Amino acid sequence: LGVSMVPLSGGEATAFETGPGHCIFIRTEGGRIVMQRIDADNEMHVWTINPDGSGLKQLTSSGGEALKDLSPDGKWFTYVVTDSTRGIWIAPTDGGAGRLFSQKATQGIGAFSPDGKYVVTIEYETGSGGLIRTVFKVAPLHGSAAPETLRLPQRATDFEGIPARNTVTFIDAADPNRNIFYSEMGGKVETLQLSHFKEGIITDHQWSGDGKHIAAVRRLADGDNIWLLNADGTPVKKLTNFIGLQVLGMSWAP
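An account of the accompanying structure is given in this report.

Cut-offs used in this document
- Residues numbered from 1 in each chain as written.
- Predicted model: local features only at pLDDT ≥ 70, side-chain atom pairs only at ≥ 80, totals over all residues.
- Heavy atoms only, no water.
- Helix = DSSP H or I, 4+ residues; strand = E, 2+ residues; numbered from the N terminus.
- Buried < 20%, exposed > 50% of the residue type's maximum accessible area, 1.4 Å probe, protein only.
- Contact = heavy atoms within 4.5 Å.
- Areas by Shrake-Rupley, 256 points an atom, 1.4 Å probe, with all protein chains shown as cover.
- Lys, Arg positive; Asp, Glu negative; His and termini not counted.
- Charge placed at Lys NZ, Arg CZ, Asp CG, Glu CD.
- Phe/Tyr/Trp six-rings, centres within 6.5 Å; stacked < 30°, edge-to-face > 60°.
- Lys NZ or Arg CZ within 6 Å of the ring centre and 35° of its normal.
- 1 Å grid on protein atoms, 1.4 Å probe; cavity = no way out; pocket = protein on both sides within 12 Å on 5 of 7 lines; lining within 4 Å.
- Points joined across faces, edges and corners; volume = space filled by probe spheres on them.
- Nonpolar A, V, L, I, M, F, W, Y, C, P; charged D, E, K, R; others polar.
- Pairing = 2+ DSSP bridges.
- Core = buried A, V, L, I, M, F, W, Y, C linked by side-chain atoms within 4.5 Å.
- Axes fitted to C-alpha atoms, helices over the stretch in contact; angles between N-to-C directions.

## Some thoughts on the overall build of the protein chain
The helix and strand tally for the protein chain stands at 0 helices and 22 strands. Considered along the principal axes of its C-alpha atoms, the protein chain spans approximately 55 × 50 × 30 Å. By the burial criterion, 40% of the 254 residues in the protein chain qualify as buried. The contacts in the protein chain between residues at least 6 apart in sequence include a share of 26% that link residues at least 24 apart. A total accessible area of about 13,700 Å² is found for the protein chain, and carbon and sulfur atoms account for 53% of it. Treating the 23 positive side-chain charges of the protein chain as one cloud and the 28 negative ones as another, the clouds have centres 6 Å apart.

Written out as structure tokens, the structure reads:
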């Protein structure tokens with residue numbers, strides 16, 4: 001499994017020379033291509049290659065590593081080591097030693113914020129009654145400031161950050177209509193309801209880039225359709241009119 005590039009204007013694909021092994025995960029940001037490769041010895045490592053197919057370079061070289069995310073400017077990437085269940089590491093894409101960014105973080109998330117200044121990780125903590133819950137940590141990429149903490153309800157899903165606000169919205173499966181709720185960063189447990197539908201359920205939601213609207217998938221008896229909501233959760237209009245179909249994904253155009 002290799003890497004190829006095809007121009008958006010059409011034409012033949014250009015296959016890159018990525019060496020022995022299989023490239024199984026690719027991220028591109030800021031003019032950088034970073035990929036996870038299973039090498040000939042069956043170990044996984046992180047590699048980079050230039051957009052013209054030159055400069056193939058190995059970025060990690062311990063006992064096996066898996067790529068998690070690439071910063072928006074293409075200068076940093078997060079990864080995990082495959083012989084451990086905990087720990088998120090970070091390293092520069094121009095080469096250099098990696099550093100342990102979060103020792104307690106699980107290997108599920110090591111995502112950069114849209115501005116590239118913060119990294120989101122998740123940890124597990126024991127709550128009331130001995131139940132294990134997921135806790136989100138948001139720490140600055142540079143500096144030693146303590147991470148901010150976000151605790152969401154046990155049945156929260158489909159997390160979305162509100163653009164330019166220190167707030168996260170989510171669908172609460174404990175609500176019979178799966179409405180959208182929100183919570184402020186900083187460790188507060190209190191959550192507030194944003195949408196107030198009384199029929200059907202919401203299965204997905206995404207914020208517009210300007211933070212003024214939400215696209216939400218509502219599932220009713222006749223199937224799924226996409227609705228446009230205001231930032232306060234009030235419905236604006238129904239955008240699609242599918243009958244008997246499921247909406248499995250959606251995305252705002254830039």
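## Notes on the packing of aromatic side chains
Under the counting rule described, the total for this entry stands at 5 aromatic pairs. Each member of the aromatic cluster is reached from another via a ring pair, and the members are F77, Y79 and W89. Here R37 stacks its cationic end above the ring of W47, 3.8 Å away from the centre of that ring. Over the face of the ring belonging to W227 we find R218, whose NZ or CZ atom lies 4.9 Å from the ring centre.

## Some points on the layout of surface pockets
Looking at the largest pocket, its volume works out to about 940 Å³. In this structure, the largest pocket is lined by 26 residues; those nearest its centre are S113, P114, V120, G161 and I162. Broken down by secondary-structure element, the contributors of at least two residues to the lining of the largest pocket are β11 (110-112), β12 (118-126), β13 (132-140), β14 (148-151), β15 (156-161) and β16 (167-172). A per-element tally of the lining of the largest pocket places β15 first, with 3 residues. Each residue belonging to the lining of the largest pocket can be placed in one class, and the counts come to 16 nonpolar, 6 polar and 4 charged.

## Section: the pairing of strand β9 (residues 86-92)
Most of β9 is tucked away: 5 of the 7 residues are buried. Where strand β8 (residues 76-81) folds back onto β9 in an antiparallel hairpin, the turn is made up of 4 residues. Pairing of β9 with strand β10 (residues 99-106), which is carried by 4 bridges, proceeds in the antiparallel orientation. Pairing of W89 across the sheet is with L100, part of β10.

## Some remarks on the nonpolar core
Of all hydrophobic cores here, the largest spans 11 residues; its members are I162, I171, I180, L194, F197, I202, W207, I214, A216, W227 and L229. Every element with two or more residues in this core is listed here: β19 (201-207), β20 (213-220) and β21 (223-230). Discounting chain neighbours no more than four positions away, the residues touching W227 are I214, A215, A216, R218, P235, K237, K238 and L239.

## Digging into the sheet that holds β13
One open sheet holds the 4 strands; their spatial order is β11-β12-β13-β14, and the pairing between them is antiparallel. Strands at the two margins of the open sheet, each flanked by one partner only, are β11 and β14. Across the sheet, the mean angle separating the axes of adjacent strands is 30 degrees when strand polarity is ignored. Strand direction decides the pairing type here: β11 and β12, joined by 3 bridges, are antiparallel. When the bridges of β12 are listed, F112 appears paired with V119.

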